[in-house]
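A structural walkthrough
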There are 2 protein chains.
Amino acid sequence: MTLQLRLSWKDVRDTIHAWILESTYGPGDKLPRDEDIAEQLGCARSTVQRAMRNLSDSGIVERKRKGGTQVRLDPVTRATLDIPITRKEVEAKGSAYSYQRISEGMADIPLGIAARFGLGASVKMLRIEALHISDQRPYIYEDRWINTETVPEILSIDLSSESANEWLVRNKPFSRCDLRFYAVKATEYNAKILATTPNEALFVMERTTWIGTQPITSVKAVTSPGYQLFTQI
Amino acid sequence: MTLQLRLSWKDVRDTIHAWILESTYGPGDKLPRDEDIAEQLGCARSTVQRAMRNLSDSGIVERKRKGGTQVRLDPVTRATLDIPITRKEVEAKGSAYSYQRISEGMADIPLGIAARFGLGASVKMLRIEALHISDQRPYIYEDRWINTETVPEILSIDLSSESANEWLVRNKPFSRCDLRFYAVKATEYNAKILATTPNEALFVMERTTWIGTQPITSVKAVTSPGYQLFTQI
DNA sequence: TAGTGGTCTAGACCACCGG
DNA sequence: CGGTGGTCTAGACCACTAT
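Residues numbered from 1 in each chain as written. Chains lettered and ligands numbered in written order. Predicted model: local features only at pLDDT ≥ 70, side-chain atom pairs only at ≥ 80, totals over all residues. Heavy atoms only, no water.

1. Considerations on the relation of the copies chain B and chain A
The criterion, for reference: When the copies are superposed, the least-squares fit draws on C-alpha atoms of residues that have pLDDT of at least 70 in both. Only heavy atoms matter for contacts: two residues are in contact if any of them lie within 4.5 Å across the pair.
With an axial shift of 0.0 Å and an RMSD of 0.1 Å, the rotation relating chain B to chain A amounts to 180 degrees. Viewed as a symmetry operation, the transformation between the two copies matches a two-fold axis. Comparing contact sets, 100% of the residues at the interface of chain B also lie at the interface in chain A, consistent with an isologous, same-surface contact.

2. Considering the nonpolar core
How we decide: As used here, the term nonpolar core means buried Ala, Val, Leu, Ile, Met, Phe, Trp, Tyr and Cys residues forming a set that is joined through side-chain atoms within 4.5 Å. Per-residue accessibility, obtained with a 1.4 Å probe over protein chains only, is compared with the maximum for each type, and a residue is labelled buried under 20%, exposed over 50%, and partly exposed between these values.
In this structure, A:Phe181, A:Phe203, B:Phe181 and B:Phe203 are the most contacted members of the largest nonpolar core, which totals 58 residues. Residues within four places of B:Phe181 in sequence aside, it is in contact with A:Phe203, A:Tyr227, A:Gln228, A:Leu229, B:Leu81, B:Ile83, B:Phe203, B:Val204, B:Met205 and B:Leu229. Core analysis: the second largest hydrophobic core is formed by 15 residues, A:Trp19, A:Ile37, A:Ala38 and A:Val48 among them.

3. Structural notes on the packing of helix H1 (residues 9-21) of chain B against helix H2 (residues 34-41) of chain B
Residues and elements named next belong to chain B. Worth spelling out the cut-off: Lines fitted to C-alpha atoms define the axes, with helix axes restricted to the stretch in contact, and inter-axis angles between N-to-C directions lie between 0 and 180 degrees. A run of H or I in DSSP becomes a helix once it reaches four residues, and a run of E becomes a strand once it reaches two; helices and strands are each numbered from the N terminus. Every angle not falling under 35 degrees, over 145, or within 65 to 115 is termed oblique; those three ranges are roughly parallel, roughly antiparallel and roughly perpendicular. In the scheme used here, Gly and all other residues not listed as nonpolar or charged are polar, with Ala, Val, Leu, Ile, Met, Phe, Trp, Tyr, Cys and Pro taken as nonpolar and Asp, Glu, Lys and Arg as charged.
Where H1 contacts H2, the axes come no closer than 12 Å and their chain directions differ by 105 degrees. Taken together, the axes of H1 and H2 lie roughly perpendicular to each other. Contacts between H1 and H2 pair Val12, Thr15, Ile16 and Trp19 from the former with Ile37, Gln40 and Leu41 from the latter. Residues belonging to the contact of H1 with H2 are distributed by class as follows: five nonpolar, two polar and no charged.

4. Some points on the protein's contact with DNA strand C
Applicable threshold: Any residue with a heavy atom positioned within 4 Å of a molecule or strand is treated as near that molecule or strand. Under this definition, polar contacts are N or O atom pairs within 3.5 Å; protein pairs additionally need one hydrogen-donor-capable and one acceptor-capable atom, and for neighbouring residues in sequence, both atoms have to be side-chain atoms.
Taken together, 22 residues surround DNA strand C, and among them A:Arg45, A:Gln49, B:Ser8, B:Trp9 and B:Thr47 come closest. Atoms of DNA strand C within 4 Å of the protein belong to the sugar or the phosphate in 69% of instances, the rest to bases. A:Arg33 places a side-chain nitrogen or oxygen 3.1 Å from a phosphate oxygen of DNA strand C. A:Gln49 is positioned with one of its side-chain polar atoms (N or O) 2.4 Å from a phosphate oxygen of DNA strand C.

5. Some details on the pairing of strand S2 (residues 61-64) of chain A
Residues and elements named next belong to chain A. Operational definition: By this definition, two strands are paired if DSSP reports at least two bridges between them.
Pairing between S2 and strand S3 (residues 68-71): four bridges, direction antiparallel. Within S3, the residue paired with Glu62 across the bridge is Gln70. Linking S2 back to S3 in an antiparallel pair, the connection comprises three residues, with Lys66 at a positive phi of about 70 degrees.

6. Structural notes on H1(B)
All names here are of chain B. Our working rule: To estimate the expected span of a helix, subtract one from its residue number and multiply by 1.5 Å. It is the directions from the helix axis to the C-beta atoms that the arc portrays.
Between its first and last C-alpha atoms H1 spans 18 Å; for 13 residues at 1.5 Å apiece the expected length is 18 Å, and the two agree. Among the residues of H1, those classed as buried are Val12, Ile16, His17, Trp19 and Ile20. Projected down its long axis, H1 carries its buried residues within an arc of 150 degrees, all on one side. In this structure, the buried side of H1 is in contact with strand S1 (30-31), H2, helix H3 (45-57), strand S2 (61-64) and strand S3 (68-71). Remark: Ser23 follows H1 within two positions and exhibits a positive phi of approximately 65 degrees.

7. Details of the pairing of S3(A)
Residue and element names in this part refer to chain A. Burial along S3 is one-sided: Thr69 and Val71 are buried, while Gly68 and Gln70, pointing the other way, are not. Where strand S1 (residues 30-31) meets S3, two bridges bridge the pair, whose relative direction is antiparallel. Of the residues in S3, the one forming a bridge with Leu31 is Thr69.

8. Some details on the packing of aromatic side chains
Our working rule: Each Phe, Tyr or Trp ring, with Trp reduced to its six-membered ring, pairs with another whose centre is within 6.5 Å; inter-plane angles below 30 degrees give stacked pairs, above 60 give edge-to-face pairs, and intermediate values give tilted ones.
The full count for this structure, using the stated rule, is 13 aromatic pairs over all chains. The interplanar angle of 90 degrees and the centroid separation of 6.0 Å between the aromatic rings of A:Tyr141 and A:Tyr189 together place this pair among those described as edge-to-face. Placement of A:Tyr141 in strand S7 (residues 137-146) and of A:Tyr189 in helix H7 (residues 188-194) is noted, with a sequence separation of 48 residues between them. Note on A:Tyr141: relative accessible area 4%, which makes it buried. Look at B:Phe203 and B:Tyr227: their rings are 6.0 Å apart centre to centre, the planes differ by 15 degrees, and that puts the pair in the stacked class. A residue pair is termed long-range when its members are at least 10 positions apart, and B:Phe203 in strand S9 (residues 201-211) and B:Tyr227 in the loop between strand S10 (214-223) and strand S11 (229-232) qualify at 24 residues.

Here it is in structure tokens:
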């Protein structure tokens, strides 16, 4: 039997979590005040605070001033998604990555993109279509619009062999980002680019970013058949 | 001009974040030691610590003991997804929710489910097919397997009009959860249940949970056409 | 208004890891 | 081994809100 003199906040968190898992406190129940838990476990109140913040961030408990802490009644499943640069994602699988620009040019943004940016009038932006390739096979087709008002420098970058995303991510931090995931039926065009058949179901990720209130870029990443987004809690 | 005597950790975080946004420190650059920042800004080191932890959690900086803090070279887009109970999700849109069990019974798990659970041999589990309905229209078809070894109580619950998920989420906390998102082509069966047409592209969410090493449940949620998962950073 | 969580501080010590 | 981030403590005050 080991005697631990100093409790870490993780110990405290695990203890409280265990109370919940073994139904000492069930959904909707009110937990003791931080101070009482601190005294009971023999640590400082701030250590309990730290543990509680973690449980709260994980969506396990809900805390309110004066109201105390209660075990969440309707737990949500809260997951953290990391969406890496595509090149890194491919390389992490041990595959060979390559990139190919399909088209590049200024054009009026379509209505859908204007809506994403929350713009009424149509404006000209830089459109880049590109293909990410994993082990010689099409991996992700990306259809991107870049606001050259916000990012004029992009016009002087050679995007024929390097992804616009890599440049943006290193040089243009964003302050806001909208993410969308959904499924689409492959068009003839999609099918040709991704080397699959029309009507195949494809997983799509859309990302739109701003710096302050200024739109930076909006990208639709159409993945090849079989693509899965995975995360673990 | 207001004079703020006490800096909150959010102020400190925003200050440091601003340094990064305006390229005072760019990707790969090393930031000053916490203590120096604390002195410069006029707050305690622990306040800087709190701010830095937040930036680190957001994937903006990377911290190493002795190595100091640096602005991440390959920023990932890190998003937090909340997956609520379907009933709550529907109600939050202001729609009327209803639930309908399609089938229920013990059966041998198929290979795919065994793989999700990491099981070799096939075992019998409780399979429940059900339909979540939003404003009289099919919303999500769920195909669920529940391990009755881990959750024997489920057999005495009436699942004809209430979702198994609601009961599980309130009564069986999990310690581990795998999440998967992808697209599928609607089968004849899918199409019939979701009132759509075969070959339509459907967005699927799969969730598999364990308590300790014991499998609890694995569910495939096939959403109706047009469903989108959305999050914001 | 009183009780509870949220935060800040100053100081101490620990754990990790680069030079 | 020394320097950096990570954590704990004790105490104080603040901010929100249930009662």
